[in-house]
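The lines below spell out each chain.
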Amino acid sequence: MNTQLKLWFSIILWLWLDQVLHGGSSQNPAADASSLSDANLMFEFLLFGLEINQDDNVFLLDEELASMRKGQEFLSRINDGIPKSLRSMELMAQNMEKTPLTRDQFENLVLSMVYSALQARVQRSREEREAWGGVLLQLANVTTYKLRGGFLFDYS
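Residues numbered from 1 in each chain as written. Predicted model: local features only at pLDDT ≥ 70, side-chain atom pairs only at ≥ 80, totals over all residues. Heavy atoms only, no water.

J.: If you had to explain the packing of aromatic side chains to someone new, which residues and values would you point to?
T.: Inspection of the entire model under this criterion finds 2 aromatic pairs. With a centroid separation of 4.7 Å and an interplanar angle of 40°, the aromatic rings of Phe 45 and Phe 74 are classed as tilted. Here Phe 74 lies in helix 4 (residues 69-80) and Phe 45 lies in helix 2 (residues 29-48), a separation of 29 residues in the sequence. The class for Phe 45 is buried, based on a relative accessible area of 3%. With a centroid separation of 5.9 Å and 75° between ring planes, the pair formed by Tyr 115 and Trp 132 is classed as edge-to-face. One end of the pair, Tyr 115, is in helix 6 (residues 103-122); the other, Trp 132, is in helix 7 (residues 126-148), and 17 residues separate them in sequence. Residue Tyr 115 is classed as buried on the basis of its relative accessible area of 0%. (Phe/Tyr/Trp six-rings, centres within 6.5 Å; stacked < 30°, edge-to-face > 60°. Helix = DSSP H or I, 4+ residues; strand = E, 2+ residues; numbered from the N terminus. Buried < 20%, exposed > 50% of the residue type's maximum accessible area, 1.4 Å probe, protein only.)

Structure, rendered in structure tokens:
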């Protein structure tokens, strides 16, 4: 995996962990512990590797993780729960900028960043890589805004 992709995966994981650790409700410690466990699993999925097949579906390189119930849930969520085209990702990011996010929407936002990073890596043409990289930056910008109240990049 190239250095830039590892950096993006680290940023994605940091953003997710920040939401879990600081955005979680301390009124329900069991739910917070479950969220932290899910974040740790997400880290393992990213660490052991993800790939995209010819049908634009994500799969885990580690067969043991892929066979776990949580691994199957992760794959189902990333393959069935997020948009797959550049335009639909851009629209999703624009819509998420304008409204408060539920926990599920935030998780879909994080999974969309993972998918965008993977797409940016597998594209053959420079234009396609840059387009997916642009979507990834847009999604990271929305995530940072939702977590911190300010954008990473100002597009104006």
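Picking up after the structure, the text goes on.
J.: Give a detailed account of the pattern of salt bridges, specifying residues and quantitative values.
T.: Between side chains of opposite charge, a pair can form as their charged atoms come close. Across all of its chains, the model carries 7 salt bridges by this definition. Across the pair Asp 104 and Arg 77 runs a salt bridge whose closest N-O atoms are separated by 3.6 Å. Highlighted residues: Asp 104 in helix 6 and Arg 77 in helix 4, separated in sequence by 27 residues. Look at Arg 77 and you get partly exposed, because its relative accessible area is 27%. Close ionic contact of Arg 77 with Glu 107 constitutes a salt bridge, the shortest N to O distance being 2.7 Å. Separated by 30 residues along the polypeptide, Arg 77 in helix 4 and Glu 107 in helix 6 bring together distant segments of the chain. Connected through shared salt-bridge partners, Arg 77, Arg 103, Asp 104 and Glu 107 make up one network. (Salt bridge = Lys/Arg side-chain N within 4 Å of Asp/Glu carboxyl O.)

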